[in-house]
Each structure stands twice: as C-alpha cells, then as structure tokens.
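# Structural overview
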Amino acid sequence: MATESTVNVLGLKELDELLKTLPAKIEGNVVRGAMRAGQTVIASTVKKTLVANDNIRTGALLKSVRIRFVRKSEKKYGWVRANLIAGNKEAWYAHLIEFGTGSYYTGTGSKSKKQPYEIRPKNKKSLFFAGVMREVIVHPGIKPQSFMRSAFDSSSDRAILAFADYIRTRLPKEINKLNP
C-alpha cells in the first residue's frame, strides 16, 4: 500500500529568477546536473532493491538501470527531462518483474475464460518441458515484485535533497565564473 507524503520546497520563485539571469547553457547544465544527482539517488535504491529481492540471475537487469536525458529538436531552455530506465535488449523482461504477469487467460472463448492459462502444442504432439513429456503446460504467472516504484517511494525525499544540494554548490561556482 502506497503512503502519501508531502514535500514543501521553498525558494523556487527566487531560483527561477536567478536562473533566468544566467546564460541558457549554464542554466541547462546546472539543472541537468541537479536532475542527474537526484536520479542517481533513486537509481542506487533501485539496484539495492533488486539485490535485496534476489532478482539477480544473470545481472542483466541490474546493469540495465540507467538515467537518460531527453533532448528536444528545438532548443527550449528551462525544460530538462530525465528518465530512469530499467530494461534493454538483454533485460527485456524488466516490466514483467515490476508489474507481474497474469495467470488467467482473459481472451475470448467460453472454455478458457477465467481459467489458468494453458500452453498447448500446435501440432497435437506432446511438449517436452522440464525433463518431462507433457501435453499441456499450465502457466502460473509471476507475482509483481516492484523495484522501480518502491525505490521511488522510499528515496524521493533524499533525491530532492540531492537535487537541492547540487544546485546549492554548483550555482555559486557558475556565477563566480561569470563575474571574475
């Protein structure tokens, strides 16, 4: 069950006014760095959650956790978007672990509706599965093992603090570079 939390951030209007006085390139770099600092906190929590839940078999899912910045073709300053992504070509199953899979067939057909999902061979021959010949395999489904959402819920406060700390340390350095 998710719990609600409220975070109050003070000084955003003043920060916005200060950023508008800086060159757009510096503004983008400072905000992008701050976004990366916040996302890094959440990404490290995602990796710890994966290790704690024993979801590591090949290590592909753990290696696939990354931060990606979206760039627009038109240069809109003041907008920075960062995505925390899990899954790639090798770890294509990340969403299946996060959300789980159903064990019941939900398609049409009176015989199979709301019954356990059965896998039958197309050519009416037996399937060789888990060392045993079988005519039908019943798929039990996978229970959801949330690693992205739970990491976000548990570390969002620390991510906001990391974002603020980065701006607090980097912005004066950039201002000092402009005014030698």
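All values reported here derive from a predicted model rather than from experimental measurement.

### Quick look at the overall build of the protein
Tallying secondary structure elements over the protein gives five helices and six strands in all. Along its sequence from the N terminus, the protein presents helices and strands in the succession α-α-α-β-β-α-β-β-β-β-α. Taking the contacts inside the protein whose residues are at least 6 apart along the sequence as the reference set, 60% of them involve residues at least 24 apart. Entry remark: accessible area of the protein is about 13700 Å², with carbon and sulfur atoms responsible for 56%.

### Focus on the environment of arginine 168
Among the structural elements, arginine 168 can be located in helix H5 (residues 148-178). Arginine 168 sits in the exposed class, given a relative accessible area of 55%. Distance from arginine 168 to alanine 34, taken between C-alpha atoms, is 9.5 Å for residues 134 residues apart in sequence. Polar contacts involving the side chain of arginine 168 include one to the side chain of aspartate 165, which spans 2.5 Å.

### Some thoughts on the pattern of salt bridges
As enumerated under the stated definition, the model contains four salt bridges in all. The partner of arginine 149 in a salt bridge is aspartate 153, and the shortest N-O contact between them spans 3.2 Å. Highlighted residues: arginine 149 and aspartate 153, both in helix H5, separated by four residues, approximately one helical turn. In this structure, glutamate 174 engages arginine 170 in a salt bridge whose closest nitrogen and oxygen atoms are separated by 3.0 Å. Pair noted here: glutamate 174 and arginine 170 are both in helix H5, with a separation of four residues, about one helical turn. Taking the relative accessible area as the measure of exposure, arginine 170 reaches 22% and is therefore partly exposed. Several salt bridges share partner residues, and in doing so they unite Arg170, Glu174 and Lys177 into one network.

### Description of the packing of aromatic side chains
Within the structure shown, the criterion is met by one aromatic pair. Ring centres 5.7 Å apart and planes at 85 degrees place the aromatic pair tryptophan 92 and tyrosine 93 in the edge-to-face group. Since its relative accessible area comes to 23%, tyrosine 93 is described here as partly exposed.

### A closer look at the pairing of strand E1 (residues 66-70)
Along E1, the buried face is formed by Ile67 and Phe69; none of Arg66, Arg68 and Val70, which line the opposite face, is buried. In this structure, E1 lies alongside strand E2 (residues 81-85), joined through five bridges in antiparallel fashion. Note that in E2 the partner of phenylalanine 69 across the bridge is alanine 82.

### Points about the nonpolar core
Judged by nonpolar contacts, the single largest core of 19 residues is most densely connected at Val46, Leu50, Leu61, Val65, Leu84 and Phe147. Of all the secondary-structure elements, those providing two or more residues to this core are helix H2 (24-52), helix H3 (60-64), E1, E2, helix H4 (94-99) and H5. The greatest single-element share of this core, amounting to five residues, is contributed by H2. Phenylalanine 147 has contacts with Val46, Thr49, Leu50, Leu61, Ala86, Ala94, Ile97 and Glu98, leaving out every residue within four places of it along the chain. Grouped together as the second largest cluster of nonpolar side chains are seven residues, Leu15, Val30, Ile167 and Leu171 included.

About the thresholds
- Along each chain, residues carry numbers from 1 onward, in the same order as the chain's sequence is written.
- For a predicted model such as this one, the threshold for reporting local features is a pLDDT of at least 70, and the threshold for listing and counting side-chain atom pairs is 80 or more; totals across whole chains, interfaces and linings nevertheless cover every residue.
- In computing side-chain properties, one takes all heavy atoms of the structure into account and sets aside hydrogens as well as water.
- Think of it this way: any DSSP run of H or I at least four residues long counts as a helix, any run of E at least two long counts as a strand, and we number them from the N terminus.
- Whether two residues touch is decided by their heavy atoms; if any such pair falls within 4.5 Å, the residues are in contact.
- Note on areas: Shrake-Rupley with a 1.4 Å probe; residue coverage comes only from the protein chains shown.
- In this scheme, a residue with accessible area under 20% of its type's maximum is buried, one over 50% is exposed, and one in between is partly exposed, where area comes from a 1.4 Å probe on protein chains only.
- Any N or O atom pair separated by 3.5 Å or less is treated as a polar contact, with the protein-specific requirement of one donor-capable and one acceptor-capable atom, and with residues adjacent in sequence counted only for side-chain atom pairs.
- The salt bridge definition used is simple: a Lys or Arg side-chain nitrogen within 4 Å of an Asp or Glu carboxyl oxygen.
- Pairing of aromatic rings covers Phe, Tyr and Trp, the last through its six-membered ring, and needs centres within 6.5 Å; plane angles under 30 degrees mean stacked, over 60 mean edge-to-face, and all others mean tilted.
- Should DSSP find at least two bridges between two strands, the strands are regarded as paired.
- What is meant by a nonpolar core is a set of buried Ala, Val, Leu, Ile, Met, Phe, Trp, Tyr and Cys residues, joined one to another through side-chain atoms within 4.5 Å.

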